[in-house]
Amino acid sequence: MNSKFTSIVRILLGIILLVFGLNKFYPLPFLPAPQLPQHASEFMSSLAATGYVLPIVGVLEVFIAILLLTKNWIAFALIILVPISLNILLFHLFLDLPSIGGAVLVAVLNGILIYKHWPQYRPLFN
């Protein structure tokens, strides 16, 4: 589980989540949002209008990133990330297909790390 490849994947995923999670908390984000198609923009506007969805996702992303980068509770962090990465992937698949690359990257990195930590999940399926 502590191969160099696994460490690189874990750190890369942690950095991605940290950057995008922190970006949700700045009034003028340091990574400007790209121009979204109309339906995607309407969906994101509705999430932002709730006042809580995007901040909660940002907190979870930062929390998961910290766990991954500090090598604490990695299996737990990866399971929390599954619904988030799945929603990111589905958002881009259905609403913003040209920008799906980052979503695929996050989902694949998460999948690789879950596979590498599978022995920790095995008791859940016995």
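Computed from a predicted structure; not experimentally measured.

S.K.: An account of the overall build of the protein is requested, with residue identities and associated values reported.
M.R.: Counting its secondary structure elements, the protein contains 6 helices and 0 strands. In terms of C-alpha radius of gyration, the protein reaches 15 Å, essentially the compact-globule figure of 14 Å for 126 residues. Taking the principal axes of its C-alpha atoms as reference, the protein extends roughly 45 × 25 × 25 Å. For the protein, the proportion of its 126 residues judged to be buried stands at 29%. In the protein, the proportion of contacts linking residues at least 24 apart, taken out of those at least 6 apart, comes to 67%. Roughly 8,000 Å² of accessible area belongs to the protein as shown, and the carbon and sulfur atoms make up 73% of that amount.

S.K.: How would you explain the pattern of salt bridges if you had to name every residue and give the values?
M.R.: Per the counting criterion, the structure on display carries 1 salt bridge. A salt bridge links Glu61 to Lys24, with the nearest nitrogen and oxygen atoms 2.9 Å apart. Placement of Glu61 in helix H3 (residues 53-70) and of Lys24 in the loop between helix H1 (4-23) and helix H2 (38-50) is noted, with a sequence separation of 37 residues between them.

S.K.: Which residues make up the side chain of Glu61, and what values do they have?
M.R.: In this structure Glu61 comes out as buried when scored by relative accessible area, which is 4%. Sequence-distant contacts of Glu61, that is, excluding residues within four places in its chain, are made with Leu17, Phe20, Gly21, Lys24, Ile84 and Ile88.

S.K.: Break down a nonpolar patch on the surface for me, with residues and values.
M.R.: Where nonpolar side chains cluster on the molecular surface, the patch consists of Phe20, Leu22, Phe25, Tyr26, Phe30, Leu31 and Val59 and spans about 640 Å² of accessible area. Positionally, Val59 belongs in helix H3. Taking the relative accessible area as the measure of exposure, Val59 reaches 46% and is therefore partly exposed.

S.K.: Quick rundown of the layout of surface pockets? Include the residues and the values.
M.R.: In this model, the largest pocket occupies a volume close to 1,300 Å³. Lys24, Met44, Leu54, Ile88 and His92 are, among the 39 residues lining the largest pocket, the residues nearest its centre. Contributions of two or more residues to the lining of the largest pocket are made by H1, H2, H3, helix H4 (74-95) and helix H5 (101-116). No other element matches H4, which puts 8 residues into the lining of the largest pocket. Here the lining of the largest pocket is built from residues that sort into 29 nonpolar, 7 polar and 3 charged.

Reading the values: the criteria
- Residues numbered from 1 in each chain as written.
- Predicted model: local features only at pLDDT ≥ 70, side-chain atom pairs only at ≥ 80, totals over all residues.
- Heavy atoms only, no water.
- Helix = DSSP H or I, 4+ residues; strand = E, 2+ residues; numbered from the N terminus.
- Rg over C-alpha atoms; globule rule 2.2 N^0.38 Å.
- Buried < 20%, exposed > 50% of the residue type's maximum accessible area, 1.4 Å probe, protein only.
- Contact = heavy atoms within 4.5 Å.
- Areas by Shrake-Rupley, 256 points an atom, 1.4 Å probe, with all protein chains shown as cover.
- Salt bridge = Lys/Arg side-chain N within 4 Å of Asp/Glu carboxyl O.
- Patch = residues over 30% accessible without salt bridge, like charges linked within 9 Å, V, L, I, M, F, W, Y side chains within 5 Å.
- 1 Å grid on protein atoms, 1.4 Å probe; cavity = no way out; pocket = protein on both sides within 12 Å on 5 of 7 lines; lining within 4 Å.
- Points joined across faces, edges and corners; volume = space filled by probe spheres on them.
- Nonpolar A, V, L, I, M, F, W, Y, C, P; charged D, E, K, R; others polar.

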